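Tertiary structure, described
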Amino acid sequence: MAKIAVLGYGTVGSGVVEVLSTNKDSIAVKAETSIDIKYVLDLKEFPGTPVENLLVKDYDIILEDEEVDVIAEVMGGVEPAYTFVKKALLKGKSVATSNKELVAKHGPELLAIAKENHVNFLFEASVGGGIPIIRPLNKSLTADEIMEISGILNGTTNFILTKMKNERLDFDTVLKEAQDLGYAELHPEADVEGYDACRKIAILASLAFGSHVDFEDIHTEGITKISQVDFQFAEAMKMEIKLIGRCEKVDDKAFAMVSPMLLSDTHPLSHVDDVFNGIFVQGNVIGDVMFYGAGAGKLPTASAVVADVIDAVKHKGKNIIVKWSSDPKVLMATEEIPVKAFARFADTDEKIELVESVFGSVEWIEGVEGHKGFVTGEMTEGELSTKLVELGQKGLVIENLIRLESKVA
Ligand code: HSE
């Protein structure tokens, strides 16, 4: 029998307890032993719940208990999770976590400690909720060089964009709904400003490139500027607006970025809606692979955590190698990244000449009353910024700008 502890009895923690109970028998078959929860660490009391007699407030009780082999860390946030996880690994306990902030910031260090101590640090649930993506990158796609990963990596923002488009609802109403459904982060800006997607693409890029991509090096924009006018333009262009985290190799360099993007409706990510995530991976031999499923929520995320717990139990005393060195991966400067963009401004015919004098020939998008929109040619982010500044200096106020997925535009 394997004994485990769960750190945190929030949305995901209660899901882990539920999954281990619902699928107790089949999990025992797959792990080749039963898995029992011995402790749940939380500062709150939960009377009348299945964990009321398992609750502890002192982490040292778990740490010092030699019966506990595996810890499921589902508290979120960097501290105290980092301290707890590091201590557990040093004590010879494996850790399964859903904590993307922890993994993005301390992943290589915690993997190295796990390796030295013949235990495992597993983090399938940190990206894509219930979608298997970490294990495929580590195990199934190892014959390939990964050329590109593009993903809808945040369920909350995808839920918001889908509802804003289909039901013409305003941003705040839909955000509240996502919070009630347990999709959103404690601080909504982590979702809507793109920070959560940024950490997730940093984790995927680090695994794809094998060296550490610092999330702070990734240019990140969220969805707060997207309005109904943008959806009207997207409809006129037969495109969809999605928050995309991407990393890509360009010759011997690489870049990563998080931003809203306009995708043509033939793009594999364009119809990934609601809380679902989609992750598109391109390998140099396999070609295109797509991963799709529930990207947030109690049970999908708990499913991935419990799968890691089972893997840790099955690999007791044996480290599963994960190639993610602490050597920094130097990314291209944002100014060098290739881009093609849609921009819009309040309708004034005399500005058309001005736009063309700065951008050269552009594609004009008609059909949205009171606004004019255009799509630029291919350029670098640096050239785009310079041209936008020039437009501003000449008196044209750009209301919003959304990048286009240029390979399919
Ligand atoms: N807030 C996150 C999301 C939770 O919406 O995707 C899952 O990481």
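Residues numbered from 1 in each chain as written. Predicted model: local features only at pLDDT ≥ 70, side-chain atom pairs only at ≥ 80, totals over all residues. Heavy atoms only, no water.

Side note on the pairing of strand β16 (residues 341-346)
The side chains of a regular strand alternate, residue by residue, between the two faces of the sheet. Among the six residues that make up β16, five are buried, leaving the element largely enclosed by the rest of the structure. Bridge count between β16 and strand β20 (residues 400-404): four bridges; the pairing is antiparallel. Bridge assignment links Arg344 to a residue of β20, and that residue is Asn400. Across five bridges, β16 lies against strand β18 (residues 371-375) in antiparallel orientation. Paired with Ala346 across the bridge in β18 is His371. (Buried < 20%, exposed > 50% of the residue type's maximum accessible area, 1.4 Å probe, protein only. Helix = DSSP H or I, 4+ residues; strand = E, 2+ residues; numbered from the N terminus. Pairing = 2+ DSSP bridges.)

Re the packing of aromatic side chains
Scanning the model with the defined rule gives 11 aromatic pairs in all. Aromatic pair Tyr9 and Phe46: ring centres 4.8 Å apart, planes at 70°, arrangement edge-to-face. Highlighted residues: Tyr9 in the loop between β1 (2-7) and α1 (11-22) and Phe46 in the loop between β2 (35-41) and β3 (55-56), separated in sequence by 37 residues. When sorted by exposure, Tyr9 lands in the same class as Phe46, which is buried. Judged by centre distance (5.9 Å) and plane angle (70°), the ring pair of Phe123 and Trp324 falls under edge-to-face. On the criterion of sequence distance, the pair formed by Phe123 in the loop between β6 (121-122) and α6 (134-140) and Trp324 in the loop between α12 (298-314) and β14 (325-328) is long-range, its members being 201 residues apart. We classify Phe123 as buried; its relative accessible area is 2%. The class of Trp324 is buried, set by a relative accessible area of 5%. Ring pairing ties together the aromatic residues Phe345, Phe359, Trp364 and Phe374, which thus form one cluster. Against the face of Phe215 rests Arg199, its NZ or CZ located 4.1 Å from the ring centre. Looking at Lys329, its charged tip hangs above the ring of Phe209, at a distance of 5.1 Å from the centre. (Phe/Tyr/Trp six-rings, centres within 6.5 Å; stacked < 30°, edge-to-face > 60°. Lys NZ or Arg CZ within 6 Å of the ring centre and 35° of its normal.)

Some remarks on the side chain of Asn400
In this structure, Asn400 sits in strand β20. One polar contact links the side chain of Asn400 to the main-chain carbonyl oxygen of Lys225, over a distance of 3.2 Å. Within polar-contact distance, the side chain of Asn400 engages the side chain of Asp230 at 3.0 Å. Residues contacting Asn400, with those up to four places away along its chain left out, are Lys225, Ile226, Asp230, Phe342, Ala343 and Arg344. (Polar contact = N/O pair within 3.5 Å; in protein donor to acceptor, adjacent residues only side chain to side chain. Contact = heavy atoms within 4.5 Å.)

Brief notes about the pairing of β2
Taken across its seven residues, β2 has six buried, putting it largely inside the fold. Summarising the sheet, β2 and β3 pair through two bridges and their orientation is parallel. By the bridge assignment, Leu41 is partnered in β3 with Val56.

Focus: the nonpolar core
With 89 residues, the main nonpolar core has Ile62, Phe121, Phe123, Ile149 and Leu204 as its most contacted residues. Tallying contributions element by element places helix α10 (residues 195-209) first for this core, with 10 residues. Apart from the residues within four sequence positions on either side, Ile149 is in contact with Leu137, Ile201, Leu204, Ala208, Gly245, Arg246, Cys247, Ile279, Phe280 and Val281. Core analysis: the next-biggest nonpolar cluster, separate from the first, contains 32 residues, Ala2, Ala31, Ala72 and Val305 among them. (Core = buried A, V, L, I, M, F, W, Y, C linked by side-chain atoms within 4.5 Å.)

Some remarks on the site of the ligand
Taken together, the residues surrounding the ligand are Lys100, Asn154, Gly155, Thr156, Tyr183, Ala184, Glu185, Asp191, Asp196, Lys200, Gly295 and Ala296. Taking Tyr183, its main chain carries an N or O atom lying 2.8 Å from a nitrogen atom of the ligand. Take Glu185: an N or O atom from its side chain is 2.6 Å from a nitrogen atom of the ligand. Protein chains bury 93% of the 250 Å² of accessible surface belonging to the ligand in isolation. (Near = heavy atom within 4 Å. Areas by Shrake-Rupley, 256 points an atom, 1.4 Å probe, with all protein chains shown as cover.)

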